[in-house]
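So you can see what is in the structure, the chains are spelled out below.
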Amino acid sequence: MSRGKFITLEGGEGAGKTTNLAFIKDYLEQHNIVVVVTREPGGTELAEKIRQLLLDNKSEAISEQAELLMMFAARAQHIKHVIEPALASGKWVLCDRFTDATYAYQGGGRSMKISTIKWLENMVQGTLRPDLTLLLDAPVEIGIARARERGAFDRFESEKISFFESVRRAYLLQAELYPERIKLIKANQPLPDVQRAITDVLRTLLGLCALNCPTSSRHGTVK
Ligand code: T5A
């Protein structure tokens, strides 16, 4: 049995990750792939409890160090109990956010040292890295407006615009550092156009694309 593939969805608040997760799952299932859909922080009973603590905006102030360690504590549980067993049994894992979010939010947003995040990444994940990351990128105001339409804000959504601008810059830097893995999708287009761009990337991953593959820029942006 060959190992499954690990796909992650990333992007700022309201970029459309959750909306497109179901679309990607359906597309893969149409190609006879068994898909496990999960999310971070979360994905196991304990990790979901950590998520609640992290998103609760009425709790005591969480220090930046505690926030970073809680993300990786949840991730350690998630990898051990959900991600690794699924991949080892040949299933594909589709995850709403993973460690690129830590580089973006804790690294970019909170200015935590990148070397510290990298150390934790290596310690918690070993060699595990996503096979493909779809980075849904939209101007901050658009994403925040979409997210806030839903009502109450969580602890992250209550941050200032400058925080989200730093998050976005850090995500774009990740895409520049790992152009083979991270495919940038313009998320401020109508949903059908976003999903067409996602389909182009998935076709390439599945080897369905012959000579007419979509052209990729240096940043791997799908037109
Ligand atoms: N976090 C997480 C860290 O700080 N470090 C980490 O390491 C990790 C893993 C988790 C929070 O934790 C932080 C980041 C986050 O703040 P979350 O719920 O995973 O929270 O993330 P959110 O970004 O808060 O999730 P959202 O639900 O807000 O954003 P989504 O999932 O990107 O957006 P979605 O799909 O719910 O869409 C929002 C709205 O926009 C519409 C949808 O219909 C929906 O109403 N929409 C569109 N409208 C028009 N055109 C399009 N193309 C649209 N796409 C979606």
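Novice: Explain the pairing of strand S4 (residues 132-137) to me, please; I cannot follow it from the model alone.
Specialist: Residues in a regular strand project their side chains so that they alternate between the two faces of the sheet. The buried fraction of S4 amounts to 6 of the 6 residues, a majority that puts the element mostly inside the structure. Across the two faces of S4 the burial is the same, with Leu132, Leu134 and Leu136 and Thr133, Leu135 and Asp137 all buried. By the bridge criterion, 5 bridges tie strand S1 (residues 6-11) to S4 in an arrangement that is parallel. For Gly11, the partnering residue across the bridge sits in S4 and is Leu136. Direction of pairing for S4 relative to strand S5 (residues 182-186): parallel, over a ladder of 5 bridges. Considered in S5, the bridge of Leu134 is made with Lys183.

Novice: Explain the packing of aromatic side chains to me, please; I cannot follow it from the model alone.
Specialist: What describes a pair of aromatic rings is the distance from one ring centre to the other and the angle between the planes of the rings. Per the stated rule, a full pass over the model turns up 5 aromatic pairs. Their ring planes at 85° and their centres at 5.9 Å tell us that Tyr105 and Phe156 sit as a pair that is edge-to-face. Residue Tyr105 is located in helix H4 (residues 99-109), and its partner Phe156 is located in the loop between helix H6 (140-148) and helix H7 (161-177); the two are separated by 51 residues in the primary sequence. By relative accessible area, Tyr105 is classed as buried at 5%. For the ring pair Phe163 and Phe164, a centre distance of 5.3 Å and an interplane angle of 90° mean the geometry is edge-to-face. This pair shows no difference in class: Phe163 is buried, exactly as Phe164 is. Counting every residue linked through ring pairs, the aromatic cluster contains Tyr105, Phe156, Phe163, Phe164 and Tyr171.

Novice: Would you explain the packing of H6 against H7 in this entry?
Specialist: Helix-helix packing: each pair is described by the crossing angle between the helix axes and the interaxial distance. Two elements in contact, H6 and H7, have axes whose closest approach is 10 Å; the angle formed by their N-to-C orientations is 115°. Seen from above, H6 lies across H7 with right-handed handedness. Contact residues: H6 offers Val140, Glu141 and Ile144, while H7 offers Ile161, Phe164, Glu165 and Arg168.

Novice: Even after reading the chapter, I still don't get the pattern of salt bridges, so can you show me in this structure?
Specialist: For side chains of opposite charge, pairing can occur when their charged atoms come near one another. Here the structure, examined in full by the defined rule, presents 12 salt bridges. In this structure, Glu67 and Arg110 form a salt bridge, with 2.9 Å as the shortest nitrogen-oxygen distance. Here Arg110 lies in the loop between H4 and helix H5 (114-125) and Glu67 lies in helix H3 (residues 64-88), a separation of 43 residues in the sequence. Notably, a salt bridge pairs Asp137 with Arg168, separated by 2.8 Å at the nearest N-O pair. In this pair, Asp137 sits in strand S4 while Arg168 sits in helix H7, placing the two residues 31 residues apart along the sequence. Given the relative accessible area of 14%, Asp137 is considered buried.

Novice: Hey, could you run me through the sheet that holds S1 in this one?
Specialist: Two pairing modes exist for strands in a sheet, parallel and antiparallel, and in both the strands are linked by backbone hydrogen bonds. Within the open sheet, the 5 strands sit side by side as S2-S3-S1-S4-S5. Their pairing is parallel. The outermost strands of the open sheet, each flanked by one partner alone, are strand S2 (35-39) and S5. Mean inter-strand twist for the sheet, computed between neighbouring axes without regard to direction, equals 20°.

Novice: Is there a simple way to think about the site of the ligand in this case?
Specialist: Contacts to the ligand come from 28 residues, most closely from Lys17, Thr18, Thr19, Arg97 and Thr102. In this structure, Arg146 approaches the ligand through a side-chain N or O atom, which is 3.4 Å from a nitrogen atom. Protein contacts shield 83% of the accessible area of the ligand, which totals 1000 Å² for the unbound molecule. Breaking the shell around the ligand down by element, the ones donating at least two residues are helix H1 (17-30), helix H2 (45-55), H3, H4, H6 and helix H8 (191-205). With 4 residues, H4 is the largest single contributor of residues to the shell around the ligand. Among the residues making up the shell around the ligand, the classes are represented as 11 nonpolar, 8 polar and 9 charged.

Novice: How should I be thinking about the confidence of the model for the protein in this particular structure?
Specialist: Interpretation of the predicted coordinates at a detailed level should be avoided for regions scoring low in pLDDT. Overall, the predicted model of the protein reaches an average pLDDT of 93, with 93% of residues at or above 70. Taken together, the stretch residues 214-220 has pLDDT below 50 and engages in 15 contacts with residues farther than four places along the chain or on a different chain.

Here is what the cut-offs are and how they apply
Residues numbered from 1 in each chain as written. Predicted model: local features only at pLDDT ≥ 70, side-chain atom pairs only at ≥ 80, totals over all residues. Heavy atoms only, no water. Buried < 20%, exposed > 50% of the residue type's maximum accessible area, 1.4 Å probe, protein only. Helix = DSSP H or I, 4+ residues; strand = E, 2+ residues; numbered from the N terminus. Pairing = 2+ DSSP bridges. Phe/Tyr/Trp six-rings, centres within 6.5 Å; stacked < 30°, edge-to-face > 60°. Axes fitted to C-alpha atoms, helices over the stretch in contact; angles between N-to-C directions. Left-handed = near helix turned anticlockwise from the far one by under 90°. Contact = heavy atoms within 4.5 Å. Salt bridge = Lys/Arg side-chain N within 4 Å of Asp/Glu carboxyl O. Near = heavy atom within 4 Å. Polar contact = N/O pair within 3.5 Å; in protein donor to acceptor, adjacent residues only side chain to side chain. Areas by Shrake-Rupley, 256 points an atom, 1.4 Å probe, with all protein chains shown as cover. Nonpolar A, V, L, I, M, F, W, Y, C, P; charged D, E, K, R; others polar. pLDDT = per-residue confidence, 0-100.

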